[in-house]
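Fold and contact review
Read off the chains here:
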Amino acid sequence: MTHSTIGLKKRVSNAINPLIQVSIYTGLALLSTATMATEKSIPELVDAVNGTPDTASREAGKKVKLRNHAKGFCTSGMFKPAAQINNQFNIPFFEQQQISVTARFSLGGTNPHASDKGAGRFMSLKIDGDKESLNFVTSNAQLFFASNLEDFFTFQTKVKQGAEGKQWLINNKPDAKAFFEYVSQLPKSSSFATSRYFGVNSFLFDKPDNTQVAGRWIFEPAAGEVALTQAELATRSDDFLQQELLNRIETTPAVWNLYVKLADSNDIITDPTVLWPESRQRVLVGQVIIDGKQDKQTSVQQCDKSIFNPVLLPEGIAPSADPILNARTPAYIESFIRRL
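Residues numbered from 1 in each chain as written. Predicted model: local features only at pLDDT ≥ 70, side-chain atom pairs only at ≥ 80, totals over all residues. Heavy atoms only, no water.

**Focus on the confidence of the model for the protein**
To keep things clear, this is the line we draw: Per residue, pLDDT measures the predictor's confidence, with a range of 0 to 100. By the convention used here, residues are in contact when the closest approach between their heavy atoms is within 4.5 Å.
On average, residues of the protein score 90 in pLDDT, and 89% of them are at 70 or above. Note that pLDDT drops below 50 for residues 1–7; the model gives that stretch six contacts with residues more than four away or on any other chain. The low-confidence segment residues 9–38, where pLDDT is below 50, has 54 contacts with residues more than four positions distant or belonging to other chains.

Dropping the structure here:
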């Protein structure tokens, strides 16, 4: 562990409670590896996301607790594993009948007053079982804009330059160009509850025969996808999504069927810019049911005071070697520490 990692661990220990420390320490082991994978440090990557390229802007960002996904809210529910899931995977976590869920729904970007009329939708989940936890960080785009941390840094830096920076990416970075084309076609959903969500990174799942298979998470809304027309969108406020979901779950839970999309032997599992064919097998893992019944619990009300750690995984699930995945938690930790 590097001196910078040790220092970060001490700052975490002094500032936050033990429950949050468990989640964060899981990611600290990845910090040195992720930093070595790029010439850019983890703080530099966070600066690129936050748009804080120098000391003055960085310190100003700390004062206002600058973060990505600034506009968002927390709620709660449960996860019910599929009845036959352990015929497909050897993951003891899924033997529990019902597991509590803390959810955060958000928009992308650092603007806490961003308009809900864009297409982007994000869902993060903490599924906390008796002894283990499973976290998710997902969006309604199943394609990512960079396959490595250098390209990630470049993308985040250039998009802060507006139209000129975006055009540079389109002209010079094929993965970014493909991403822009993809998101331009995304429907603008009527609700967080009527959006599909995808984990763009791959994980390794243990099977009953002691082999492993790679897969990616997919959340399919039980209510189906519902997109707004331009005329319907014009009647919505810039802040309609939060209240719509909270009103909805007062009477009817928001439900998603959680699947793992399995990789074929020829599929690339370390590059989130590569889409796998729709013909790939999908395995139903269970249902996420958001009903808000635990919203008064401290863990839900304070969910912004922790991180959603995508490599906090139960026995039987392991992260792939995807460099984007393995940099997420160290970057989330760095961003979190800046907001303390």
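Structure's up, so let's keep going.
**A closer look at the packing of aromatic side chains**
Note the cut-off: Here is the rule: rings of Phe, Tyr and Trp (six-membered ring for Trp) pair when centre to centre is within 6.5 Å. Planes less than 30 degrees apart are stacked, more than 60 are edge-to-face, and the remainder are tilted. Helix numbers and strand numbers start at the N terminus; a helix is a DSSP run of H or I with at least 4 residues, a strand a run of E with at least 2. Summary of the burial criterion: residues with accessible area below 20% of their type's maximum are buried, those above 50% are exposed, and those between are partly exposed, where the area comes from a 1.4 Å probe applied to protein chains only. In this analysis the charged atom, NZ for Lys or CZ for Arg, is taken to sit over a ring once it is within 6 Å of the ring centre and within 35 degrees of the ring normal.
Under the criterion given, the structure shown has 20 aromatic pairs. Centroid distance F155 to F179: 6.0 Å. Interplanar angle 85 degrees. Geometry classified as edge-to-face. Placement of F155 in helix α6 (residues 149–159) and of F179 in helix α8 (residues 174–184) is noted, with a sequence separation of 24 residues between them. You'll find F155 and F179 in the same group, each marked buried. Three or more aromatic residues link up through ring pairs in this structure, and these residues are F89, F136, F203, F205, W217 and F219. Residue placement shows K126 over the ring face of F308; its charged tip is 5.0 Å from the ring centre. Seen from the ring of F240, R236 lies directly overhead, with NZ or CZ sitting 5.9 Å from the centre.

**Concerning the state of the cysteines**
What counts, and what does not: Two cysteine sulfurs form what is called a disulfide whenever their separation falls within 2.5 Å.
As enumerated under the stated definition, the model contains one disulfide in all. Disulfide partner of C74: C303, at an S-S distance of 1.8 Å. On the sign convention where negative means left-handed, the S-S torsion of about -60 degrees between C74 and C303 marks this disulfide as left-handed. One end of the pair, C74, is in strand β1 (residues 72–81); the other, C303, is in the loop between α11 (298–301) and β10 (317–319), with 229 residues separating them in the sequence. Using a relative accessible area of 2% as the deciding quantity, one classes C303 as buried.

**Brief notes about the nonpolar core**
Our working definition: Each nonpolar core is a collection of buried residues, namely Ala, Val, Leu, Ile, Met, Phe, Trp, Tyr and Cys, held together in the definition by side-chain atoms within 4.5 Å.
Counting 46 residues, the largest nonpolar core has F89, F105, W217, F219 and W256 as its most contacted members. It is strand β8 (residues 254–262) that provides the largest number of residues to this core, a total of five residues.

**Structural notes on the environment of V64**
Here V64 lies in the loop between α5 (55–63) and β1. V64 sits in the exposed class, given a relative accessible area of 60%. Between the C-alpha atom of V64 and that of R338, which follows or precedes it by 274 residues, the distance is 9.8 Å.

**Comments concerning the side chain of D47**
Relative to the assigned elements, D47 resides in helix α4 (residues 42–50). Looking at D47, the relative accessible area reads 8%, which means it is buried. With residues near it in sequence (within four places) discarded, D47 still touches T52, R58 and R338.

**Details of unusual backbone geometry**
Phi is mostly negative for residues that are not glycine, and the peptide bonds are mostly trans. With phi around 55 degrees, H69 is a residue other than glycine that occupies positive phi space. Its identity is not glycine, yet N210 carries a phi of approximately 70 degrees, on the positive side. Topologically, N210 is positioned in the loop between β6 (203–206) and β7 (212–221). When its relative accessible area of 70% is taken as the criterion, N210 is described as exposed.

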